[in-house]
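Okay, here's what each chain looks like letter by letter:
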Protein chains: 2
Amino acid sequence: MTIAIIGGTGPQGQGLALRFARAGVPVALGSRDATRAAEIGVALRAQLDAAAAPITGVANEEAVMMADELVILAVPFAGHNATLAALKPHLEGKILVDIVVPLKEGDPKKVEMPPEGSATEAAQALLGPDIPVVGALHNVSATTLKTLEWDINCDILVCGNSLPARKKVMALVETLGVVAYNAGDAEAARCIEAITPILIRINISKQVPFTHAGVKIQAPAH
Amino acid sequence: MTIAIIGGTGPQGQGLALRFARAGVPVALGSRDATRAAEIGVALRAQLDAAAAPITGVANEEAVMMADELVILAVPFAGHNATLAALKPHLEGKILVDIVVPLKEGDPKKVEMPPEGSATEAAQALLGPDIPVVGALHNVSATTLKTLEWDINCDILVCGNSLPARKKVMALVETLGVVAYNAGDAEAARCIEAITPILIRINISKQVPFTHAGVKIQAPAH
């Protein structure tokens, strides 16, 4: 089952491509620049051993067409709506996995939500009710994803208005060896997307002796 | 340094009173019903040993007046604005610590934010700029707080427009043996308050073999 990663040549896209290919999931790595996508696809795949799945770098539209069902959107928020509008005709019958965080221009310690409430809700409004949008993978650091010898220090909160679509995305995410939680409908993205700038603030501050913080759900300690 | 807990006879208020008194912080436990507050204060204090600080149950107004600086608001969201409006004259020179989560009527797996964006922002708008409001302690379960033999399985995300006020609340919270993080200005409460219904959803679901989930910031695993 091939997945697409739109904006796959950015740091988050590259990290996800590496992790999914290593887990055996073939990746169509999309970019506006197909040549750059092809080059980066080859370079990423070279980091993995023979048992890993392929990473095929292509233009964004072609990546969507190669995806069996799941299309991950990993562009900066500035390109979120325009990218979706361009890809909408190709997204019919697929599920869009929106990982975009609307960080505030000039201050990544804050979020600046679109009028719809969150990027996930903006995507759902733009694509219409027939293309399910699922928000996921917002809080995991690109550096963590790209550093393959690190375990992923972050649970994945998954939201969206379609429960079957959420469940498919949770199953995909769990191939990475992380825990995915059903966080409810798309409105929950107002919270989940906004966790990222709080983590960025903690990373930037001197509050902790580390960067690339994640969040995890904790059982009671007893 | 005595703190006040308004709505202190509710489950969250009782749990916080126990934990703070055990940590040596005297608590003025407020309720609309002073008699009930006094009775519950005595019953809570009886659970602690002689080294703990006192828990004094009084009317809400009196609790505010007894507080040296920090006043925790722990009422249900339905009473949030009316309680603050009534207490406003007594809050001058104090810091309001708002722990209220605007859970949706009839569905605690969702949040229904006030027009200001969050309870913390609504409190700040209502009290005006001279009384700092700090959001904190939204995500920790009342059962966890009340079960004194459990460690608290939750970090505390602290937000508000006054950095000095945030720091004072972080120092208070850390007396409970938890980690407090500076999460930025009051707008961050839109995220932090909304984490609670996601935890409630996880608790209610069969996703995990436990209830009373918390959240923790995680360092990279390497």
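See the structure above.
The text that follows walks through the structure, step by step, so that each part is easy to find. If you're wondering where the values come from, they're calculated on a predicted model, not measured in any experiment.

## Quick look at the overall build of chain A
Within chain A, the regular secondary structure consists of eight helices and eleven strands. In terms of overall dimensions, chain A is globule-like: its C-alpha atoms have a radius of gyration of 16 Å, near the 17 Å expected for 222 residues. Counting only C-alpha atoms, chain A reaches 45 × 40 × 40 Å along its principal axes. Residues classed as buried in chain A amount to 60% of the 222 residues present.

## Thoughts on the interface of chain A and chain B
At the interface, 38 residues of chain A touch 38 residues of chain B. Regarding the contact of chain A and chain B, the summed buried area is about 3000 Å², with carbon and sulfur atoms giving 66% of it. Where chain A touches chain B, the interface holds two salt bridges. Asp185 of chain B is paired through a salt bridge with Lys110 of chain A; the nearest N and O atoms lie 2.8 Å apart. Linking chain A with chain B are eleven residue pairs in polar contact (both at pLDDT 80 or more).

## Regarding the environment of Thr56 of chain B
Residue and element names in this part refer to chain B. Note on placement: Thr56 falls in strand E3 (residues 55-59). The exposure class assigned to Thr56 is partly exposed, which follows from its relative accessible area of 32%. With near-sequence residues (within four places) excluded, Thr56 lies in contact with Val27, Ala28, Leu29 and Met66.

## Some details on the pattern of salt bridges
Side chains carrying opposite charge are able to pair once their charged atoms draw close together. Residues and elements named next belong to chain A. Across all of its chains, the model carries eight salt bridges over all chains by this definition. Lys109 is paired through a salt bridge with Asp107; the nearest N and O atoms lie 3.3 Å apart. On the basis of relative accessibility, which here comes to 29%, the residue Lys109 falls in the partly exposed class. Judged by relative accessible area, which is 18%, Asp107 ranks as buried.

## What to know about the pairing of strand E4 (residues 70-73) of chain A
Residues and elements named next belong to chain A. Of the two faces of E4, the one lined by Leu70 and Ile72 and the one lined by Val71 and Leu73 are each fully buried. Bridge count between strand E1 (residues 3-6) and E4: three bridges; the pairing is parallel. Residue pairing in the sheet places Ile5 in a bridge with Ile72 of E4. In this structure, E4 lies alongside strand E5 (residues 95-98), joined through four bridges in parallel fashion. Of the residues in E5, the one forming a bridge with Leu70 is Ile95.

## Thoughts on the relation of the copies chain A and chain B
Each copy superposes on the other: chain A lies on chain B with an RMSD of 0.0 Å after a rotation of 180 degrees and an axial shift of 0.0 Å. In symmetry terms, the pair is related by a two-fold rotation axis. Taking the C-alpha atom as reference, chain A places Cys191 of chain A closest to the rotation axis, 2.1 Å from it. Both copies contact each other with a shared surface, as 100% of the interface residues of chain A are interface residues in chain B too.

## Things to note about helix H8 (residues 189-204) of chain A
For H8 of chain A, which comprises 16 residues, the first-to-last C-alpha distance of 23 Å matches the rise-based estimate of 22 Å (1.5 Å per residue) to within 8%. Burial runs high along H8 of chain A: 14 of the 16 residues are buried.

## Overview of the state of the cysteines
The final tally for this structure, using the stated rule, is zero disulfides over all chains. Cys191 of chain A takes part in no disulfide bond, and the closest cysteine sulfur to it belongs to Cys191 of chain B, at a distance of 4.1 Å. A relative accessible area of 2% places Cys191 of chain A in the buried class. Take Cys159 of chain B: it sits in no disulfide, and the sulfur closest to it among the cysteines is that of Cys191 of chain B, at 9.2 Å. Among the residues examined, Cys159 of chain B registers a relative accessible area of 0% and is labelled buried.

## Topic: helix H1 (residues 11-22) of chain A
Residue and element names in this part refer to chain A. For H1, with twelve residues, the first-to-last C-alpha span of 17 Å sits near the 16 Å given by 1.5 Å per residue. Most of H1 is tucked away: nine of the twelve residues are buried. Here H1 has its buried residues at Gly13, Gln14, Gly15, Leu16, Ala17, Leu18, Arg19, Phe20 and Ala21. Downstream of H1 by one or two residues, Gly24 has phi in the positive range, about 95 degrees.

Criteria and cut-off values
- Residues numbered from 1 in each chain as written.
- Chains lettered and ligands numbered in written order.
- Predicted model: local features only at pLDDT ≥ 70, side-chain atom pairs only at ≥ 80, totals over all residues.
- Heavy atoms only, no water.
- Helix = DSSP H or I, 4+ residues; strand = E, 2+ residues; numbered from the N terminus.
- Rg over C-alpha atoms; globule rule 2.2 N^0.38 Å.
- Buried < 20%, exposed > 50% of the residue type's maximum accessible area, 1.4 Å probe, protein only.
- Contact = heavy atoms within 4.5 Å.
- Buried area = accessible area lost by both parts, 1.4 Å probe.
- Salt bridge = Lys/Arg side-chain N within 4 Å of Asp/Glu carboxyl O.
- Polar contact = N/O pair within 3.5 Å; in protein donor to acceptor, adjacent residues only side chain to side chain.
- Pairing = 2+ DSSP bridges.
- Least-squares fit on C-alpha atoms with pLDDT ≥ 70 in both.
- Expected span 1.5 Å × (residues − 1).
- Disulfide = S-S within 2.5 Å.

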